[in-house]
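Letter by letter, the chains look like this.
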Amino acid sequence: GAVVSQHPSRVICKSGTSVKIECRSLDFQATTMFWYRQFPKKSLMLMATSNEGSKATYEQGVEKDKFLINHASLTLSTLTVTSAHPEDSSFYICSASGQLNTEAFFGQGTRLTVV
Amino acid sequence: GENVEQHPSTLSVQEGDSAVIKCTYSDSASNYFPWYKQELGKRPQLIIDIRSNVGEKKDQRIAVTLNKTAKHFSLHITETQPEDSAVYFCAAPSYQKVTFGTGTKLQVIP
């Protein structure tokens, strides 16, 4: 199947700093990528839909100024957690598919810990 | 938007028994229904999917059934093995995004 690579897999940062997470589709073009947040033993909560060349679409309750999404090319989307706080600590995971009604391929996920 | 409900949230079965996980969805226009398996600390991976033009699909010990009229679909795992222990998610792509169910933690007891 297709490969989606997410980097970094783990990051620890201090409160108040910003962290950037990258999601790359390695062998296909992804017009749309999705960013999820997963709490321990919980489901995947969609944060935003990342659209290449346009602004991301955020889910209700997700602060767009805090979670900055950039989708500059058909193979790369980035999520920047700005002014991180301990409550932002979580597992963030991206996914992409060539078309909507086909298999979604997930990145490895990023474990963010804010201290 | 799409609303996907998944039951049960946890499921324990003896090795060799069958496991069934059910999902309902709200958008009648949805026509693709995948199931993902997520092992601890790993990314979700597709295990089986079904499109709305069929009612059932099988792949060895795994099967998915779909009832479009009732808007529900189910995952069936037969002859469960310890390596089937994981969290399973259903999903229903709709409105240009993918909505996941709340997940089912399956534990297969040896």
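In case you missed it, the structure is sitting above this.
Treat the numbers as computed from the prediction; the structure is a model and nothing was measured. (Residues numbered from 1 in each chain as written. Chains lettered and ligands numbered in written order. Predicted model: local features only at pLDDT ≥ 70, side-chain atom pairs only at ≥ 80, totals over all residues. Heavy atoms only, no water.)

> Can you break down the interface of chain A and chain B residue by residue, with the values?
As a measure of interface size, the accessible area lost when the parts come together is often cited. Between chain A and chain B, the residue contacts involve 20 residues of the former and 17 residues of the latter. Both sides together, the interface formed by chain A and chain B hides about 1700 Å², and carbon and sulfur atoms give 55% of it. Scanning the region where chain A abuts chain B turns up six residue pairs in polar contact (both at pLDDT 80 or more). Every element with two or more residues in the side of chain A that touches chain B is listed here: strand E4 (32–38), strand E5 (44–51) and strand E9 (90–96) of chain A. Its residues placed into classes, the side of chain A that touches chain B shows ten nonpolar, seven polar and three charged. (Contact = heavy atoms within 4.5 Å. Buried area = accessible area lost by both parts, 1.4 Å probe. Polar contact = N/O pair within 3.5 Å; in protein donor to acceptor, adjacent residues only side chain to side chain. Helix = DSSP H or I, 4+ residues; strand = E, 2+ residues; numbered from the N terminus. Nonpolar A, V, L, I, M, F, W, Y, C, P; charged D, E, K, R; others polar.)

> Would you mind going over the state of the cysteines in detail, with residue names and values included?
Under the definition given, this model contains two disulfides over all chains. What pairs with A:Cys23 in a disulfide is A:Cys94, and their sulfur atoms sit 2.0 Å apart. Where A:Cys23 bonds to A:Cys94 through sulfur, the torsion about that S-S bond is close to 85°, and the disulfide is right-handed. Taken together, the residues span a long stretch of sequence, with A:Cys23 in strand E3 (residues 19–25) and A:Cys94 in strand E9 at a distance of 71 residues. One exposure class covers both A:Cys23 and A:Cys94, and it is buried. One disulfide bridge connects B:Cys23 with B:Cys90, the sulfur atoms lying 1.9 Å from each other. In this structure, the disulfide formed by B:Cys23 and B:Cys90 twists by about -90° around the S-S bond and is classed as left-handed. Of this pair, B:Cys23 sits in strand E3 (residues 19–25) while B:Cys90 is found in strand E9 (residues 86–94), placing the two residues 67 residues apart along the sequence. The same class applies to B:Cys23 as to B:Cys90, namely buried. A disulfide-free cysteine, A:Cys13 has its sulfur positioned 18 Å from the sulfur of A:Cys94, the nearest such atom. By relative accessible area, A:Cys13 is classed as buried at 8%. (Disulfide = S-S within 2.5 Å. Buried < 20%, exposed > 50% of the residue type's maximum accessible area, 1.4 Å probe, protein only.)

> Give me the lowdown on the pattern of salt bridges, citing residues and values where you can.
A side chain with one charge may pair with a side chain of the opposite charge, provided their charged atoms come close. All names here are of chain B. Applying the stated criterion across every chain, the model contains six salt bridges over all chains. The residue lysine 42 makes a salt bridge to glutamate 39 at a minimum N-O spacing of 3.7 Å. The closest approach of N and O atoms between aspartate 49 and lysine 57, which form a salt bridge, is 2.9 Å. By relative accessible area, lysine 57 is classed as partly exposed at 35%. Salt bridges sharing partners connect three or more residues here, namely Lys37, Glu39 and Lys42. (Salt bridge = Lys/Arg side-chain N within 4 Å of Asp/Glu carboxyl O.)

> How would you sum up the sheet that holds strand E1 (residues 4–7) of chain B? Please name residues and give values.
All names here are of chain B. Read from one edge of the open sheet, five strands run E1-E3-E8-E7-E6, paired in antiparallel fashion. At either end of the open sheet lies a strand with only one pairing partner, and these are E1 and strand E6 (56–59). Strand-to-strand twist of the sheet, defined as the mean angle between neighbouring strand axes without regard to direction, takes the value 15°. Taken together, the four bridges between E6 and strand E7 (residues 62–67) define a ladder with antiparallel strand orientation. Pairing of aspartate 59 across the sheet is with isoleucine 62, part of E7. (Pairing = 2+ DSSP bridges. Axes fitted to C-alpha atoms, helices over the stretch in contact; angles between N-to-C directions.)

> Just give me the short version of the layout of surface pockets, but keep the residues and values in it.
What the largest pocket holds in volume is close to 960 Å³. Along the wall of the largest pocket there are 39 residues; nearest its centre are A:Gln38, A:Lys41, A:Lys42, A:Ser43 and B:Phe89. Breaking the lining of the largest pocket down by element, the ones donating at least two residues are E4 and E5 of chain A together with E9, strand E10 (97–100) and strand E11 (104–109) of chain B. When grouped by side-chain class, the residues that make up the lining of the largest pocket number 15 nonpolar, 15 polar and nine charged. (1 Å grid on protein atoms, 1.4 Å probe; cavity = no way out; pocket = protein on both sides within 12 Å on 5 of 7 lines; lining within 4 Å. Points joined across faces, edges and corners; volume = space filled by probe spheres on them.)

Functional significance is not addressed by these values, which are geometric in nature.
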